[in-house]
Amino acid sequence: KFAVAVVALALLSVAKPLVAHHSFSAEFDASKPFKMTGTVTKVEWMNPHVYFYLDVKDASGAVAHWAVEGGAPTSLYRAGWRQDSPKVGDALTVNGYLARAGSKLANMRNAIFPDGREVFGGQQYYSPTVPKPKGH
């Protein structure tokens, strides 16, 4: 009975992280690349993906609130991100891919910071037509 309980606990501890993660193609559409510039309103530096939120103005001046998914914190750190980058209030340009469901959710390929630095977003490259950032 003890061995069965240990195996069951081990399986439960593995199952939760697997449920929390998703594949790129399940949620995002590689045929829908985008580029947007907006103001950072919130940053969530957490596993398995970093999220930040942008207020993006359209041509009419209306503001849309977007959630942007990046890579894992360790991937972003290796690419040059830090927990305080980007900062709330920064203007950030993001290249990536739109969500399949048509929601205001996007997957980041790279970002351009206010100082002009272009930084990899920690995800794979899914489009042969969009060039990789310098150094990648």
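On a predicted model such as this, the values are computed, not experimentally measured, just so you know. (Residues numbered from 1 in each chain as written. Predicted model: local features only at pLDDT ≥ 70, side-chain atom pairs only at ≥ 80, totals over all residues. Heavy atoms only, no water.)

Comments concerning the overall build of the protein chain
For clarity, the cut-off: Counting from the N terminus, the helices are the DSSP runs of H or I reaching at least four residues and the strands are the DSSP runs of E reaching at least two. The buried label goes to any residue with under 20% of its type's maximum accessible area, the exposed label to any with over 50%, and the partly exposed label to all in between, with areas taken from a 1.4 Å probe on protein chains only. The contact criterion used is simple: two residues touch if any of their non-hydrogen atoms lie within 4.5 Å. Each accessible area is a Shrake-Rupley estimate made with a 1.4 Å probe; only the visible protein chains count as cover when residues are assessed.
Looking only at helices and strands, the protein chain has three helices and six strands in total. Burial statistics for the protein chain: of 136 residues in total, 37% are counted as buried. The contacts in the protein chain between residues at least 6 apart in sequence include a share of 55% that link residues at least 24 apart. Here the protein chain has roughly 8,100 Å² of accessible surface; of this, 61% comes from carbon and sulfur atoms.

A few points about the confidence of the model for the protein chain
Quick reminder of the rule: Values of pLDDT, the confidence the predictor places in each residue, fall between 0 and 100.
Across the protein chain, the average pLDDT comes to 80, with 72% of residues at 70 or higher. Overall, residues 15–20 carries pLDDT values under 50, and its contacts beyond four positions in sequence, including any with other chains, amount to zero contacts. For the stretch residues 125–130, pLDDT sits under 50, and the model shows 11 contacts to residues farther than four places along the chain or on other chains.

With respect to the packing of aromatic side chains
Heads up, the rule is: Any Phe, Tyr or Trp ring, taking Trp's six-membered ring, that has another such ring centre within 6.5 Å forms a pair; planes under 30 degrees apart are called stacked, those over 60 apart edge-to-face, and the others tilted. Charges are assigned to positions over rings by a cutoff of 6 Å between ring centre and Lys NZ or Arg CZ, combined with an angular limit of 35 degrees from the ring normal.
Evaluation of the coordinates by the stated rule reveals two aromatic pairs. Judged by centre distance (5.0 Å) and plane angle (65°), the rings of Trp81 and Phe113 are edge-to-face. Of the two residues, Trp81 is situated in the loop between helix 3 (73–79) and strand 4 (91–99) and Phe113 in the loop between strand 5 (105–112) and strand 6 (118–120); the sequence distance between them amounts to 32 residues. The burial state of Trp81 is the same as that of Phe113; both residues are buried. A connected cluster of aromatic rings, assembled from ring pairs, spans Phe52, Trp81 and Phe113. A cation sits over an aromatic face here: Arg82 above Tyr77, 3.6 Å from the ring centre.

Some thoughts on the pairing of strand 5
Every other side chain in a regular strand lies on the same face of the sheet, so the side chains alternate between the two faces. Using the following cut-off: A pair of strands is labelled paired if DSSP reports no fewer than 2 bridges between them.
Strand 5 sits mainly inside the fold: seven of its eight residues count as buried. Where strand 4 meets strand 5, six bridges bridge the pair, whose relative direction is antiparallel. Counterpart to Tyr97 in the pairing with strand 5 is Asn107. With three bridges joining them, strand 5 and strand 6 adopt antiparallel strand pairing. From the neighbouring strand, Ile112 faces strand 6, where its bridge partner is Glu118. Connecting strand 5 to the antiparallel partner strand 6 that follows it, the hairpin turn spans five residues, and Gly116 within it adopts a positive phi of roughly 95°.

Observations regarding the nonpolar core
Test applied: In plain words, nonpolar cores are sets of buried Ala, Val, Leu, Ile, Met, Phe, Trp, Tyr and Cys residues tied together by side-chain atoms within 4.5 Å.
Grouped together as the largest cluster of nonpolar side chains are 21 residues, with contacts concentrated most on Phe52, Leu54, Trp81, Leu92, Val94 and Met108. Of all elements in the fold, only strand 1 (28–44), strand 2 (51–57), strand 3 (63–69), helix 3, strand 4, strand 5 and strand 6 reach the threshold of two or more residues within this core. Those residues within four positions of Val94 in sequence are excluded, and the remaining contacts are Phe34, Lys35, Met36, Phe52, Leu54, Val68, Met108, Asn110 and Ala111. The next biggest cluster of nonpolar side chains, apart from the first, holds seven residues, and it includes Phe28, Tyr51, Tyr97 and Ala99.

Side note on unusual backbone geometry
In the segment running from Asn47 into Pro48, the intervening peptide bond is cis, with an omega of 0°. Counting through the fold element by element, Pro48 comes out in the loop between strand 1 and strand 2. Residue Pro86 is bonded to the preceding Ser85 through a cis peptide linkage, with omega at 0°. On the secondary structure map, Pro86 appears in the loop between helix 3 and strand 4.

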